[in-house]
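Listed here are the chains, written in short residue letters.
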Amino acid sequence: MSADPVTSPDARVRIPREIWVLIASAFVIALGFGLITPVLPQFAQSFGVGATASSIVVSAFAFMRLCFAPAGGRLIARLGERPIYLSGLVIVALSTGATAFAGSYWQLLVFRGLGGIGSVMFTVSAMALIVRLAPPSVRARVSSVYASAFLIGGVGGPAVGGLLGGLGLRVPFIVYAVALLLAATIVFVFLKDASLRPKPGDPVLPVMTVRDGWADSAYRAAVASGFTNGWANFGVRNAILPLFAAAVIVDSSLDQSTRETQQALVAGAALAVFAAGNAVGLTFAGRTSDKVGRKPYVIGGLVVSGVATAATGLATNLPTLIVLSVVAGLGAGSLNPAQQAALADIVGRERNGGPALAAFQMSMDTGAIIGPVVAGMLVDRGSYSLAFALTGLITVLAVLPWLRARETHPVRERVPDPA
């Protein structure tokens, strides 16, 4: 059963000010992250490594997130969300700035891995705040707006990153480091006087453990779809799509300088339109899943995203790649706000869901670790199509536990006013 009573969606419920601050920060973070996504695999390959090794750089970030997630949850419980959020942003900023000056593949691997520690700190902090501060009747809308801020930044980030890549593969990392420091400044200034922790003497909320969550069919389904979402959209798409665009879409007869510029632009365009489709899906699903429930959008999003991802490996030109990226983005955008809102329904406002939420985040990071490595191994054996086909299949298979899962948000139908 949901921890909160059934509620009717109400468009008049306001999103709290603290969440708007986090939304603004999310936009800046995503804009910066989008700058480095198109160039990171190529930057790794500039040290003379193959697709598997360059994919491991992407996985290292997620691996450190996974390893540090339990410790991050304990730090949040001990010190509070705001200081951990700020510390995480600063750690990622410093590690990203160091990445720009990496002199070898191994330095690049270490610096990107260290960034994963800071990333999980601010990600789990933000998730815990949103679950606790979002009014129950607009949870999906809050998740949608928050994720849309990431994606709007993600639309512009890859395109700008592709252009910056033409100035040198190290330039986007420097710009991203500055963007993270700007996001930290926004949170520090505007949440400086906000009360984000219970007052002394207030009742301590009961903790929802992973065991408690695992007893819920919806939580088990969310962990499964989180794993596949991490594999496909945070792992393989960021690690393999830029290499696919470089190897298949860009004319290999161009001179090296022109080819590198074209590769960055094509990869940036494909990632940007994926983010644009994602933003559209988020907006629609975020507003309507508070009215019709979570499951239809999770299941539909997994199917659409999985089929489009599987077909991506068959693209032979830029227009086809663009169309498939948009469709995959629409599917992923329909999935995410409903999935996040389902988690918030499960935890509720009367429990501390830190351990259960951290375990869900770890499932996503596990997918983001394994996916790029497996896909990179398939690519090194000469098969981009097989790498994307396997990723699409795994995404579609995540539908199965959701078919048996309960609906977490049964919304009461409004009764017409007799007057």
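An account of the accompanying structure is given in this report. (Residues numbered from 1 in each chain as written. Predicted model: local features only at pLDDT ≥ 70, side-chain atom pairs only at ≥ 80, totals over all residues. Heavy atoms only, no water.)

Brief notes about the overall build of the protein chain
Test applied: The secondary structure listing takes helices from DSSP runs of H or I that are at least 4 residues long and strands from runs of E that are at least 2 residues long, numbered from the N terminus. For each residue, the accessible area found with a 1.4 Å probe, counting protein chains only, is set against the maximum for its type, and the residue is called buried under 20%, exposed over 50%, and partly exposed in between. By definition, residues are in contact when any of their heavy atoms lie within 4.5 Å. All accessible areas in this document rest on Shrake-Rupley with a 1.4 Å probe, and a residue is counted as covered only by the protein chains that are shown.
When you go through the protein chain residue by residue, the secondary structure sums to 15 helices and zero strands. Within the protein chain, the fraction of its 419 residues that count as buried is 57%. In the protein chain, once contacts between residues fewer than 6 apart in sequence are set aside, the share between residues at least 24 apart is 88%. In the form shown here, the protein chain has an accessible surface area of approximately 17100 Å², with 67% of it arising from carbon and sulfur atoms.

A look at a nonpolar patch on the surface
What counts here: Residues with no salt bridge and a relative accessible area higher than 30% make up the patches, which join like charges within 9 Å and nonpolar side chains (Val, Leu, Ile, Met, Phe, Trp, Tyr) within 5 Å. Salt-bridge detection follows one rule: a side-chain nitrogen of Lys or Arg within 4 Å of a carboxyl oxygen of Asp or Glu.
A surface patch of nonpolar side chains, about 400 Å² in accessible area, is lined by Leu393, Leu397, Leu400 and Leu403. Contributing elements (two or more residues each) for the nonpolar patch: helix H14 (384-397) and helix H15 (399-404). With respect to the helices, strands and loops of the structure, Leu397 is situated in helix H14.

Quick notes on the nonpolar core
As a reminder of what qualifies: Buried Ala, Val, Leu, Ile, Met, Phe, Trp, Tyr and Cys residues form a nonpolar core when they are joined through side-chain atoms within 4.5 Å.
Judged by nonpolar contacts, the single largest core of 69 residues is most densely connected at Ile29, Tyr85, Leu89, Ile240 and Leu321. Examining the composition of this core, we find that nine residues originate from one element, helix H9 (residues 217-249), more than from any other. Ignoring anything within four residues of it in the chain, the contact list for Ile29 reads Tyr85, Leu89, Phe122, Phe150, Tyr176, Leu180 and Ala183. Core analysis: the next-biggest nonpolar cluster, separate from the first, contains 27 residues, Tyr297, Leu302, Phe360 and Ala405 among them.

Observations concerning the environment of Phe244
For Phe244, the location among the structural elements is in helix H9. Here Phe244 falls in the buried class, since its relative accessible area comes to 1%. In this structure Phe244 touches Ile249, Thr312, Gly313, Ala315, Leu321, Tyr384 and Phe388, once residues within four positions along its chain are discounted.

Focus: helix H12 (residues 318-347)
Note the threshold: Given a helix with a known number of residues, its expected span is that number minus one, times 1.5 Å.
In a regular helix each residue adds 1.5 Å, so 30 residues correspond to 44 Å; H12 covers 43 Å between its end C-alpha atoms and thus fits that length. Burial of H12 is extensive: 21 of the 30 residues sit out of reach of the surface. Positive phi shows up at Gly348, right after H12, with a value of about 80°.

Regarding the packing of aromatic side chains
As a reminder, the rule being used: Aromatic contacts are taken between Phe, Tyr and Trp rings whose centres are within 6.5 Å, Trp giving its six-membered ring; a plane angle under 30 degrees counts as stacked, one over 60 as edge-to-face, and the others as tilted.
In total, this model carries six aromatic pairs according to the counting rule given. By way of ring pairs, the aromatic residues Phe43, Phe47 and Phe173 are connected into one cluster.

Concerning the pattern of salt bridges
Taken as a whole and judged by the stated rule, the model has three salt bridges. Residue Asp216 pairs with Arg406 through a salt bridge whose shortest N-O separation is 2.7 Å. Highlighted residues: Asp216 in the loop between helix H8 (210-214) and H9 and Arg406 in the segment after H15, separated in sequence by 190 residues. Note on Asp216: relative accessible area 10%, which makes it buried.

Examining helix H4 (residues 81-100)
Helix length check: H4 (20 residues) gives 29 Å between terminal C-alpha atoms against 28 Å at 1.5 Å per residue, within 8%. Summarising burial for H4: 14 of the 20 residues are buried, a large majority.

Describing the environment of Thr209
Relative to the helices and strands, Thr209 resides in the loop between helix H7 (171-190) and H8. The class of Thr209 is partly exposed, set by a relative accessible area of 33%. Considering only alpha carbons, one finds Thr209 and Leu357, 148 residues apart in sequence, at a separation of 9.1 Å. If we ignore the near neighbours within four places in the chain, the residues touching Thr209 are Pro355 and Ala356.

Section: the packing of helix H11 (residues 295-312) against H14
For clarity, the threshold we go by: Note on geometry: axes are C-alpha line fits, over the in-contact stretch for helices, and angles between N-to-C directions span 0 to 180 degrees. For classification purposes, angles smaller than 35 degrees are called roughly parallel, those larger than 145 roughly antiparallel, those between 65 and 115 roughly perpendicular, and all remaining angles oblique. Ten residue types, Ala, Val, Leu, Ile, Met, Phe, Trp, Tyr, Cys and Pro, are classed as nonpolar, four, Asp, Glu, Lys and Arg, as charged, and the remainder, Gly among them, as polar.
The N-to-C vectors of H11 and H14 enclose an angle of 170°; their axes lie 7 Å apart at closest approach. Relative to H14, the element H11 is oriented roughly antiparallel. Here H11 contributes Leu302, Val303, Ser305, Gly306, Val307, Thr309, Ala310 and Thr312 to the contact with H14, which in turn contributes Phe388, Ala389, Thr391, Gly392, Thr395 and Val396. Here the residues of the contact of H11 with H14 are counted per class, giving seven nonpolar, seven polar and no charged.

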